[in-house]
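As a plain string of letters, each chain reads:
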Amino acid sequence: MNRDSSLLARLCNTKHAWYLLITVLMWGGFSAASLANDLEQSYRLGAGDRIQIVVYGESDLSMELLVTNSGKIDYPYLGRIPVNKLTAQQLRDNIEQGLRGDYLINPKVAVNIIGYRQIFINGEVEHPGGYAYQPGLTVEKAIALAGGFTERASKTNINITPGNGTNDLVKAALKHRIAPGDIIVVKASFF
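Here the structure is a predicted model, which is why all the values come from computation and not from measurement.

Draft legend 1. The arrangement of the packing of aromatic side chains in detail. With the rule as written, the count across this model stands at two aromatic pairs. Ring centres of Tyr43 and Tyr116 lie 5.0 Å apart, and the angle between their planes is 90°; on these two criteria the pair is classed as edge-to-face. Here Tyr43 is found in the loop between helix H3 (32-42) and strand E1 (50-55), whereas its partner Tyr116 is found in the loop between strand E5 (109-115) and strand E6 (119-123), with 73 residues between them in sequence. With respect to class, Tyr43 is no different from Tyr116; both count as buried. Joined through ring pairs, the aromatic side chains of Tyr43, Tyr116 and Tyr133 make up one cluster.

Listed below in structure tokens is the structure:
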């Protein structure tokens, strides 16, 4: 065993192992912001999402828009653009391509998600209804947003209908991650 690997072995067997792990993760760029960024890169747009489009040097083409129930946005010069199930990157590419040539020589476009569609919490919670989605939201945190469980609530009989367009019913634990548009139903306990 060389000197470096024996040092690593000693560090891993001490309380400093956690500090080493945290340092390595920080050097690697791991953070809550990177998790949110990863969500935004893979996130598929849908009705109710609020987006910001910025065209550098073109303030008339920079705006905030709400994705309509039809899954489209109205954008100057390009008309009604379908955005449902596109990522922000795909929408950016579509807008750049549409503006290139007739309108701008080399457009630089950024698309950001500034507001996710709501989640809905129904059943045995104090204040059922729609709530703003936040990255990293779990069933437990969503229930807290809704005022917590009622006295009759079952903490183990919780179902989710995903907001991704499928009608699959998912049985969920309190630590289950929530996605925008999800519908959470807390059932009543039998005793």
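Draft legend 2. Looking closely at the pairing of E5. Most of E5 is tucked away: five of the seven residues are buried. In this sheet, E5 lies alongside E1 in antiparallel orientation, the contact comprising six bridges. Among the inter-strand pairings, Val54 is bridged to a residue of E5, identified as Ala110.

Draft legend 3. Representation of the nonpolar core in the model. Core analysis: the biggest nonpolar cluster contains 38 residues, and Ile53, Ile73, Tyr75, Leu91 and Ile95 have the highest contact counts within it. Secondary structure elements with two or more residues in this core: E1, strand E3 (72-75), helix H4 (88-99), E5, E6, helix H5 (139-145), strand E8 (153-161) and strand E10 (183-188). In contact with Ile53, not counting residues within four places along its chain, are Leu61, Ser62, Met63, Leu65, Ile73, Tyr75, Ile95, Val109, Ala110 and Val111.

Draft legend 4. Representation of the side chain of Arg117 in the model. With respect to the helices and strands, Arg117 occurs in the loop between E5 and E6. The exposure class assigned to Arg117 is buried, which follows from its relative accessible area of 14%. Within the structure, Arg117 has its side chain in polar contact with the side chain of Tyr43 (distance 2.7 Å). Not counting residues up to four positions away in its chain, the partners in contact with Arg117 are Tyr43, Arg44, Leu45, Gly46, Ala47, Gly48, Asp49, Tyr133, Gly163, Pro180 and Gly181.

Calculation rules
- Residues numbered from 1 in each chain as written.
- Predicted model: local features only at pLDDT ≥ 70, side-chain atom pairs only at ≥ 80, totals over all residues.
- Heavy atoms only, no water.
- Phe/Tyr/Trp six-rings, centres within 6.5 Å; stacked < 30°, edge-to-face > 60°.
- Helix = DSSP H or I, 4+ residues; strand = E, 2+ residues; numbered from the N terminus.
- Buried < 20%, exposed > 50% of the residue type's maximum accessible area, 1.4 Å probe, protein only.
- Pairing = 2+ DSSP bridges.
- Core = buried A, V, L, I, M, F, W, Y, C linked by side-chain atoms within 4.5 Å.
- Contact = heavy atoms within 4.5 Å.
- Polar contact = N/O pair within 3.5 Å; in protein donor to acceptor, adjacent residues only side chain to side chain.

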